Amino acid sequence: GENVEQHPSTLSVQEGDSAVIKCTYSDSASNYFPWYKQELGKGPQLIIDIRSNVGEKKDQRIAVTLNKTAKHFSLHITETQPEDSAVYFCAASTTGTASKLTFGTGTRLQVTL
Amino acid sequence: EAQVTQNPRYLITVTGKKLTVTCSQNMNHEYMSWYRQDPGLGLRQIYYSMNVEVTDKGDVPEGYKVSRKEKRNFPLILESPSPNQTSLYFCASSPVRLAGDTNTGELFFGEGSRLTVL
């Protein structure tokens, strides 16, 4: 089955700096790659997603890039703010939808003042 | 308010005592799923359901049962809990129907149920 590796496991940045989280996947049939943000004591929430026919997608301060050849995708957060502090999960699916998502192990992002 | 509701939120139990974690969604979603979250392991899928009376195993189904008799409810049953089932459990739902559905089907998660088995 699919295997998703995520790095780093923890990331500390100063407010205003950029943060990058990287994931690699094993199944070349994967075609849907969402990113979820989990705040303390809450369930994960979708923040951005990308399909395999797109190389990059942006939504304000966040962006996701996908390299199908290398089988990796990354989350970029610019101008980080304290409220960006959370655990971020990448995921991959071969169904093109949210069903049968395989999640990465998570990255704890801390934005310091 | 659109939401996924799990109960209980916290539970401490003993080995072998059957328990059920309930999950209910009010968004008329076809797809529902259970995940467990453990440090360093991320979110792992236990069981999922594409629709009423349709359930299938995820990646870590051992020791768990589910049922989907109604669209809105998807309870997780631990017939004989063991300490290795101590974890944070999440129920999620999505409007996704079939593979290839153009609706990406965002997963909506509940707030989580923290289970400790002694």
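The structure we're discussing is the one just above.
Residues numbered from 1 in each chain as written. Chains lettered and ligands numbered in written order. Predicted model: local features only at pLDDT ≥ 70, side-chain atom pairs only at ≥ 80, totals over all residues. Heavy atoms only, no water.

Caption draft 1: Region of interest: the pattern of salt bridges. Under the defined criterion, the tally for this structure stands at eight salt bridges over all chains. The salt bridge partner of Asp49 of chain A is Lys57 of chain A, with a shortest N-O separation of 2.9 Å. With relative accessibility at 11%, the residue Asp49 of chain A sits in the buried group. On the basis of relative accessibility, which here comes to 35%, the residue Lys57 of chain A falls in the partly exposed class. Within the structure, one salt-bridge network assembled from shared partners comprises Lys18, Lys65 and Glu79 of chain B. (Salt bridge = Lys/Arg side-chain N within 4 Å of Asp/Glu carboxyl O. Buried < 20%, exposed > 50% of the residue type's maximum accessible area, 1.4 Å probe, protein only.)

Caption draft 2: Structural detail: the layout of surface pockets. Its boundaries defined by the atoms lining it, the largest pocket holds a volume of some 680 Å³. Lining the largest pocket are 31 residues, and of these Gln38, Leu40, Val87 and Arg108 of chain A together with Gln37 of chain B lie nearest its centre. Only strand S9 (86-92) and strand S11 (107-112) of chain A together with strand S4 (31-38), strand S9 (87-94) and strand S11 (113-117) of chain B provide two or more residues apiece to the lining of the largest pocket. The element contributing the most residues to the lining of the largest pocket is S11 of chain A, with four residues. For the second largest pocket, the calculated volume is near 390 Å³. Lining the second largest pocket we find 19 residues, and of these Gln45 of chain A together with Ala2, Gln3, Phe109 and Glu111 of chain B sit closest to its centre. For the lining of the second largest pocket, the per-class residue count stands at eight nonpolar, five polar and six charged. (1 Å grid on protein atoms, 1.4 Å probe; cavity = no way out; pocket = protein on both sides within 12 Å on 5 of 7 lines; lining within 4 Å. Points joined across faces, edges and corners; volume = space filled by probe spheres on them. Helix = DSSP H or I, 4+ residues; strand = E, 2+ residues; numbered from the N terminus. Nonpolar A, V, L, I, M, F, W, Y, C, P; charged D, E, K, R; others polar.)

Caption draft 3: Local environment of the state of the cysteines. Residue and element names in this part refer to chain A. This model, assessed by the stated rule, comprises two disulfides over all chains. Shown here is the disulfide that connects Cys23 with Cys90, its sulfur atoms set 1.9 Å apart. The chirality of the disulfide connecting Cys23 with Cys90 is left-handed, given an S-S dihedral of about -100 degrees. Placement of the pair is Cys23 in strand S3 (residues 19-25) and Cys90 in strand S9, with a sequence separation of 67 residues. In this pair, the class of Cys23 matches that of Cys90, namely buried. (Disulfide = S-S within 2.5 Å.)

Caption draft 4: Summary view of the sheet that holds strand S1 (residues 4-7) of chain A. Residue and element names in this part refer to chain A. Ordered in space as S1-S3-S8-S7-S6, the five strands form an open sheet in which the pairing is antiparallel. Pairing within the sheet leaves two strands with one partner each, and these edge strands are S1 and strand S6 (56-59). Adjacent strand axes in the sheet meet at a mean angle of 15 degrees, parallel and antiparallel pairs treated alike. Pairing of S1 with S3 involves four bridges; the strand directions are antiparallel. Counterpart to His7 in the pairing with S3 is Lys22. (Pairing = 2+ DSSP bridges. Axes fitted to C-alpha atoms, helices over the stretch in contact; angles between N-to-C directions.)

Caption draft 5: Up close: the side chain of Gln37 of chain B. Considering the arrangement of structural elements, one finds Gln37 of chain B in strand S4. Judged by relative accessible area, which is 15%, Gln37 of chain B ranks as buried. Reaching out from Gln37 of chain B, the side chain makes a polar contact with the side chain of Gln38 of chain A at a distance of 2.9 Å. Excluding residues within four positions of it along the chain, Gln37 of chain B makes contact with Gln38 and Phe89 of chain A together with Gly42, Leu43, Ser87, Leu88 and Phe90 of chain B. (Polar contact = N/O pair within 3.5 Å; in protein donor to acceptor, adjacent residues only side chain to side chain. Contact = heavy atoms within 4.5 Å.)

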